[in-house]
Amino acid sequence: MAVSPVSAVTEFSLRPMASDDAVAGHRLTQQLGWPHTEQDWAFHLAQGQGWVAVESDGAIIATALLWFYGDDDGTLGLVIVNEAFRGKGVANALMEHTIEAAGARKIRLIATDMAVKLYQNLGFASPNQIKIAQRQGVIAGSTPLPTHDGTIVRVAREDDYACIRTLDRNAIGMDRSGVINSLLTSSTGYVLEREGCVIGSVLVRESGRGNTFGPLIARNEADATVLLSKALSEHPGFCRIDVPEDAVSVGQWLDQNGLPVIDRGTLMQNFDNQPLKASPYKIYSLISQALL
Ligand SMILES: CC(C)(COP(=O)(O)OP(=O)(O)OC[C@H]1O[C@@H](n2cnc3c(N)ncnc32)[C@H](O)[C@@H]1OP(=O)(O)O)[C@@H](O)C(=O)NCCC(=O)NCCS
């Protein structure tokens, strides 16, 4: 790939990320104190495609990954520049390349405070000002909330998987079947069933420092909280959950149950808001900040 714009002090070129670059990616997240394991990197890379910025000796100094959902949508994440190379235009060059690769797709991302300007310069905005709260804590043991009105919360079976994919599509408005299928092979799923219909779900997987809970899909915050309480009760230890801050009562329940906010990101997109198809479902926690 052609050598990218060269700053006064740093020469670098861009190339596609290969699966064994996950090791270097992992080192960059470690430098930041982010919790990703090498397996998390491999999982994220396997779902999408990435690019790295490399110095003339081949050392990786930056990463960026892109995920496609169906023909029209995508997300972007794991945009990291080695501390020693920041402020020299590396992220900007990498982003221009990545966004070009996304073509006409509508791209969403969760921006750290540090990266908001980078994305604004590239046409991203946060029209709804939605913040995503990163919550985490160590749960020693908890009791699931009681259910009412014939509601059942149970472990998902294989015959629920199609329903979980449909719930996800309805809630997020993108077709993430590929990623959901991969998650289903390595997660424990819980579903909320009422009058014989599955109307909510959450997946729990090992990642980072313990377990990550998401995506969590439900019709309302009460159902989301019931699902979470069941999943948390069966997965004690270190828990991570990324919750949109407009889910106020889910947030309050997590505050009371040992999962405080430790950071916040901003949901940004490079397309105008379009009327959403009416859906009774909503995402109450993300798969990850990268995959949304
Ligand atoms: C955010 C990050 C990727 C920027 O990388 P970089 O190579 O230093 O960025 P660039 O030099 O290409 O700068 C791009 C733009 O972002 C701005 N910018 C860079 N660092 C910034 C900071 N710490 N705070 C505010 N703006 C910043 C630059 O000023 C520039 O805008 P300008 O051209 O209008 O001046 C890098 O700081 C990083 O890896 N941070 C830690 C991980 C992270 O937060 N990643 C983002 C995940 S969404």
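Quantities reported herein were computed from a predicted structural model and do not represent experimental measurements.

## Some words on the site of the ligand
At step 1: Taken together, 21 residues sit near the ligand, with Val79, Val81, Gly87, Gly89 and Thr112 positioned nearest.
At step 2: The separation between an oxygen atom of the ligand and a polar main-chain atom of Lys88 is 3.3 Å.
At step 3: One nitrogen or oxygen atom from the side chain of Thr112 is found 2.7 Å from an oxygen atom belonging to the ligand.
At step 4: Out of a free accessible area of 900 Å², the ligand has 74% covered by protein chains.
At step 5: Every element with two or more residues in the shell around the ligand is listed here: β4 (73-81), α3 (90-101), β5 (106-111) and α4 (116-121).
At step 6: Here the residues of the shell around the ligand sort into 13 nonpolar, 5 polar and 3 charged.

## Focus on the nonpolar core
At step 1: Among the nonpolar cores identified, the biggest contains 63 residues, and Phe213, Leu228, Leu232, Val250 and Leu254 are the most heavily contacted of them.
At step 2: The greatest single-element share of this core, amounting to 6 residues, is contributed by helix α7 (residues 221-233).
At step 3: Both domain 1 (13-109) and domain 2 (132-285) contribute no fewer than three residues apiece to this core.
At step 4: Counting residues in hydrophobic clusters, the runner-up holds 27 residues, among them Phe12, Trp51, Ala64 and Val90.

## A few points about the pairing of strand β6 (residues 131-139)
At step 1: With 7 of 9 residues buried, β6 lies mostly within the body of the structure.
At step 2: Looking at chain direction, β6 and strand β12 (residues 261-269) are connected through 5 bridges and run antiparallel. Across the sheet, residue Ile132 finds its bridge partner in β12, namely Gly265.
At step 3: With 8 bridges joining them, β6 and strand β11 (residues 237-244) adopt antiparallel strand pairing. Bridging across to β11, Ala133 finds its partner in Val243.

## Notes on unusual backbone geometry
At step 1: The peptide bond linking Gly214 to Pro215 adopts the cis configuration, its omega dihedral lying at 5°.
At step 2: Within the secondary structure, Pro215 is located in strand β10 (residues 210-218).
At step 3: Phi is positive for Leu78, which is not a glycine, with a value near 50°.
At step 4: Its place among the elements puts Leu78 in strand β4.

## Observations concerning the pattern of salt bridges
At step 1: The final tally for this structure, using the stated rule, is 14 salt bridges.
At step 2: Measuring nitrogen to oxygen at the nearest pair gives 3.8 Å for the salt bridge that ties Asp73 to Lys106. With a gap of 33 residues between them, Asp73 in strand β4 and Lys106 in strand β5 connect regions that are remote in the sequence.
At step 3: Overall, the relative accessible area of 8% leaves Asp73 in the buried class.
At step 4: Since its relative accessible area comes to 23%, Lys106 is described here as partly exposed.
At step 5: The partner of Asp255 in a salt bridge is Arg135, and the shortest N-O contact between them spans 2.9 Å. Of this pair, Asp255 sits in helix α8 (residues 248-256) while Arg135 sits in strand β6, placing them 120 residues apart in sequence.
At step 6: The partly exposed category is assigned to Asp255, whose relative accessible area is 46%.
At step 7: Its relative accessible area of 5% is what places Arg135 among the buried residues.

## Some thoughts on the domain arrangement of the chain
At step 1: When cut into domains, the chain gives domain 1 (13-109) and domain 2 (132-285).
At step 2: The interface is formed by 16 residues belonging to domain 1 together with 21 residues belonging to domain 2.
At step 3: In total, about 1600 Å² of surface goes out of reach between domain 1 and domain 2, with carbon and sulfur atoms giving 58% of it.
At step 4: When the buried surface of domain 1 facing domain 2 is broken down by residue, Pro35, Tyr69 and Arg108 rank first, second and third, together holding 37% of it.
At step 5: Inspection of the domain 1/domain 2 interface yields 0 salt bridges.
At step 6: Counting every contact that joins domain 1 to domain 2 gives 5 residue pairs in polar contact (both at pLDDT 80 or more).

## Observations regarding the packing of helix α5 (residues 161-172) against helix α6 (residues 177-186)
At step 1: At their nearest, the axes of α5 and α6 sit 10 Å apart, and the two run at 135° to each other. With respect to each other, α5 and α6 are oriented oblique. In this structure, α5 crosses over α6, and the sense of that crossing is right-handed. Contacts between α5 and α6 involve Tyr161, Ile164, Arg165, Asp168 and Arg169 from the first element and Ser177, Ile180, Asn181 and Leu184 from the second.
At step 2: When the residues that make up the contact of α5 with α6 are grouped by side-chain class, the tally is 4 nonpolar, 2 polar and 3 charged.

Rules behind the numbers
All residue numbers refer to positions counted from 1 along the written sequence of the respective chain. Thresholds applied to this predicted model are a pLDDT of at least 70 for local features of residues and 80 or more for the giving and counting of side-chain atom pairs; totals over whole chains, interfaces and linings are not thresholded and use all residues. No hydrogens and no water enter the side-chain calculation; it runs on all heavy atoms of the structure. Proximity is defined per residue: if any heavy atom of the residue lies within 4 Å of a molecule or strand, that residue is considered near it. By the criterion applied in these results, polar contacts are pairs of N or O atoms within 3.5 Å in which, for protein atoms, one can donate a hydrogen and the other can accept it, and in which residues neighboring in sequence qualify only through two side-chain atoms. All accessible-area figures derive from a Shrake-Rupley calculation using a 1.4 Å probe, and residue coverage is judged against the displayed protein chains alone. Note on conventions: DSSP H or I runs of at least 4 residues are helices, E runs of at least 2 residues are strands, and numbering of each starts at the N terminus. Residues are sorted three ways: Asp, Glu, Lys and Arg are charged, Ala, Val, Leu, Ile, Met, Phe, Trp, Tyr, Cys and Pro are nonpolar, and all the rest, Gly among them, are polar. To qualify as a nonpolar core, a set must consist of buried Ala, Val, Leu, Ile, Met, Phe, Trp, Tyr and Cys residues joined through side-chain atoms within 4.5 Å. Each residue's exposure class comes from its accessible area (1.4 Å probe, protein chains only) as a fraction of the maximum for that residue type: buried when under 20%, exposed when over 50%, partly exposed otherwise. Domain start and stop positions are those given by an automatic or database domain assignment. The pairing criterion is simple: DSSP has to find at least two bridges between the two strands. What counts as a salt bridge is simple: a side-chain nitrogen of Lys or Arg found within 4 Å of a carboxyl oxygen of Asp or Glu. Residue contacts are defined here by distance: any two heavy atoms, one from each residue, within 4.5 Å place the two residues in contact. Buried area is a sum: the accessible area each of two parts loses on coming together, probed at 1.4 Å, counted once for each and added. Fitted lines through C-alpha atoms serve as axes, helices being fitted only where they are in contact, and the angles separating the N-to-C directions of these axes extend from 0 to 180 degrees. Here roughly perpendicular refers to angles of 65 to 115 degrees, roughly parallel to angles under 35, roughly antiparallel to angles over 145, and oblique to all remaining angles. By convention, the crossing between two helices is left-handed when the near helix turns anticlockwise from the far helix through less than a right angle, and right-handed when the turn is clockwise.

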